[in-house]
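Chains, contacts and geometry: an overview
So you can see what is in the structure, the chains are spelled out below.
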Amino acid sequence: MKLGRVPPDLVESFARGWAQARGLAPPEPDGPALRIESGQPDERRRFIFPNPPDGITALAATINEPLILIKAAIDPVQMATLLPPNWHVDQTGTTMTVATLAGKSPPLRQGLMLQGAWHGPVFAARLIDQDGTEAARGRLTLIDGWALHDTIVVAKSYRRQGLGSAIMAALANQAQASGVRRGLLNATVAGRALYQRLGWTARAPWTTAQIAR
């Protein structure tokens, strides 16, 4: 399916929600981009462009070190044409939404326990095995009428057991209990199939670039 464009306000909501989910300061306007100070060993800063390709080429030309990311809801081929020679497309994914979150969880095998709690504006869910191993996890935060889903992870040895669906259902139940029915996320290539099975719609590419290390 050919993906399209998403409105700038959706990208802005994602940027604010992502920062909130990660416990970071809200994005700051920086020309046509939103700047987030990530402050992590693998990412110092990110620039998110709500209305690409405006400004991507000019900003990239001012950056001369890695770990500063440019992100936009555009095709990776188009992103590559906007970048100086020392840049490369680092990741590709998909911006996805759902109008009504589905909260029905599949049955879990014996020994798995669901844990969930709000930590400030973030709800975190975990599936724990009887020996204490974390089998799966995910979290969400509520922003601009959206439930932004973040960091949905299933441990390698627990995959293909429905645990991703169970985490998504736990997050959906919390969002709906808070009066929010719409969902927003940026999916990895591996995660997209799961979300589509759960009724999510692929809206646009989500592409990340940085200077090659």
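Here's a quick rundown of the structure. (Residues numbered from 1 in each chain as written. Predicted model: local features only at pLDDT ≥ 70, side-chain atom pairs only at ≥ 80, totals over all residues. Heavy atoms only, no water.)

Taken in spatial order, the 11 strands make up an open sheet running β1-β2-β3-β4-β11-β5-β10-β9-β8-β7-β6, and their pairing is mixed. Every interior strand has two partners, whereas the edge strands, β1 (28-30) and β6 (113-119), have only one. Neighbour-to-neighbour, the strand axes of the sheet open up by a mean angle of 25°, direction not taken into account. Strand direction decides the pairing type here: strand β7 (residues 122-128) and strand β8 (residues 134-143), joined by seven bridges, are antiparallel. Paired with Ile128 across the two strands is Glu134, which belongs to β8. (Pairing = 2+ DSSP bridges. Helix = DSSP H or I, 4+ residues; strand = E, 2+ residues; numbered from the N terminus. Axes fitted to C-alpha atoms, helices over the stretch in contact; angles between N-to-C directions.)

Core analysis: the largest hydrophobic core is formed by 28 residues, its most contacted members being Met96, Leu101, Leu127, Leu163, Leu185, Tyr195 and Trp200. Put simply, the parts of the chain that give this core at least two residues each are β5 (87-98), β7, β8, β9 (146-154), α4 (163-177), β10 (182-187) and α5 (192-197). Per element, the largest residue contribution to this core is eight residues, and it comes from α4. Not counting residues up to four positions away in its chain, the partners in contact with Leu127 are Leu108, Met113, Leu114, Thr133, Glu134, Ala135, Ala136, Leu163, Ala166 and Ile167. (Core = buried A, V, L, I, M, F, W, Y, C linked by side-chain atoms within 4.5 Å. Buried < 20%, exposed > 50% of the residue type's maximum accessible area, 1.4 Å probe, protein only. Contact = heavy atoms within 4.5 Å.)

Next up on the list: unusual backbone geometry. Here the bond from Pro52 into Pro53 is cis, since omega is 10°, no more than 30 degrees from zero. As for its position among the elements, Pro53 is in the loop between β3 (45-49) and α2 (56-62). In this model, Asp144 sits at a positive phi of 55°, which is unusual for a non-glycine residue. Counting through the fold element by element, Asp144 comes out in the loop between β8 and β9.

Here we come to the pairing of β3. Of all five residues in β3, five are buried, a share of seventy percent or more. Across three bridges, the pairing between strand β2 (residues 33-36) and β3 is antiparallel. Bridge pairing in β3 links Ile36 to Arg46. Summarising the sheet, β3 and strand β4 (residues 68-72) pair through five bridges and their orientation is parallel. By the bridge assignment for β4, Phe47 is matched with Ile70.

Honestly, it's all geometry; don't read function into it.
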